[in-house]
Amino acid sequence: MASSFPAFLAHGEPNYPLIRELPVDAAATFVAWELVFLNTGGGNDVEVCGADPGVITGLACAPASAKGLYYENISGATNKIPVAILTPDTVVGMSSSTTPAQAHLFNLYGVEKTGNNWRVDIGDTGNTRVTVVGIDIANGIFYVRFLAANLNGDSIVS
């Protein structure tokens, strides 16, 4: 079945992704579990990814509106939220407008944003961002790994 739900952390290697509190752009309005990037060229703060994101830092673990609730013990800054830093080993569960099928396994696809949900876009094979590593047909879940070339929190030279 086609599906629409927020992306979620399925599992990572060796356990779960690194969670870091990162500063949030003052104008940001993203919700929890949206793809975000650390804009190192425009303020060193977290912003929601745009269409066909070239740079992805991770999944926001809280909405941008919660930035006043988190702080870094050392500096006392209060404009931060936790972000799950994605690596090529982290597996993320995502929805799609397409029902998952065996034929999708190990293919590269793009991602798209519908509302506040990021989904696998199997129609996009030109701007690939993920590899499908598992499927759950009954629940409409694609299990994906993001490509290292687009992750600014990974340590792989791509």
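The structure presented is a predicted model; accordingly, all values stated were derived computationally and were not measured. (Residues numbered from 1 in each chain as written. Predicted model: local features only at pLDDT ≥ 70, side-chain atom pairs only at ≥ 80, totals over all residues. Heavy atoms only, no water.)

Let us look at the overall build of the protein chain. Along its length, the protein chain carries 0 helices and 11 strands. Counting across all 158 residues of the protein chain, residues that qualify as buried make up 44%. Of the accessible surface of the protein chain, which amounts to about 7,400 Å², a share of 54% is contributed by carbon and sulfur atoms. (Helix = DSSP H or I, 4+ residues; strand = E, 2+ residues; numbered from the N terminus. Buried < 20%, exposed > 50% of the residue type's maximum accessible area, 1.4 Å probe, protein only. Areas by Shrake-Rupley, 256 points an atom, 1.4 Å probe, with all protein chains shown as cover.)

On the basis of which strands lie adjacent, the open sheet formed by 5 strands has the order 2-6-5-3-4 and antiparallel pairing. Looking along the sheet, the strands with just one partner apiece sit at the ends: strand 2 (18-23) and strand 4 (45-48). On average, each strand axis in the sheet is tilted by 45 degrees relative to the strand beside it, whichever way the strands run. Examined bridge by bridge, strand 5 (residues 58-60) and strand 6 (residues 80-85) share 3 bridges and lie antiparallel to one another. The residue bridging Leu59 from the neighbouring strand is Ala84, located in strand 6. (Pairing = 2+ DSSP bridges. Axes fitted to C-alpha atoms, helices over the stretch in contact; angles between N-to-C directions.)

This paragraph deals with the environment of Leu9. Structurally, Leu9 is set in strand 1 (residues 8-11). With sequence-adjacent residues up to four places away left out, Leu9 is seen in contact with Pro17, Trp33, Leu59, Ala84, Leu86, Thr90 and Val91. (Contact = heavy atoms within 4.5 Å.)

Here we come to unusual backbone geometry. Located in the positive-phi region is Asn44, a residue other than glycine, with phi close to 55 degrees. Its location among the elements puts Asn44 in the loop between strand 3 (35-39) and strand 4. One non-glycine residue with positive phi stands out, namely Asp52, at about 45 degrees. Here Asp52 is to be found in the loop between strand 4 and strand 5.

To continue, consider the nonpolar core. With 20 residues, the main nonpolar core has Leu35, Val92, Met94, Val144 and Phe146 as its most contacted residues. Elements with a contribution of two residues or more to this core: strand 3, strand 7 (91-96), strand 8 (108-114), strand 9 (117-121), strand 10 (130-136) and strand 11 (141-146). Setting aside chain neighbours within four positions, we find Val144 in contact with Thr90, Val91, Val92, Met94, Val120, Val130, Thr131, Val132 and Val133. In this structure, Val24, Ala60, Ala62 and Ala66 belong to the second largest nonpolar core, which totals 13 residues. (Core = buried A, V, L, I, M, F, W, Y, C linked by side-chain atoms within 4.5 Å.)

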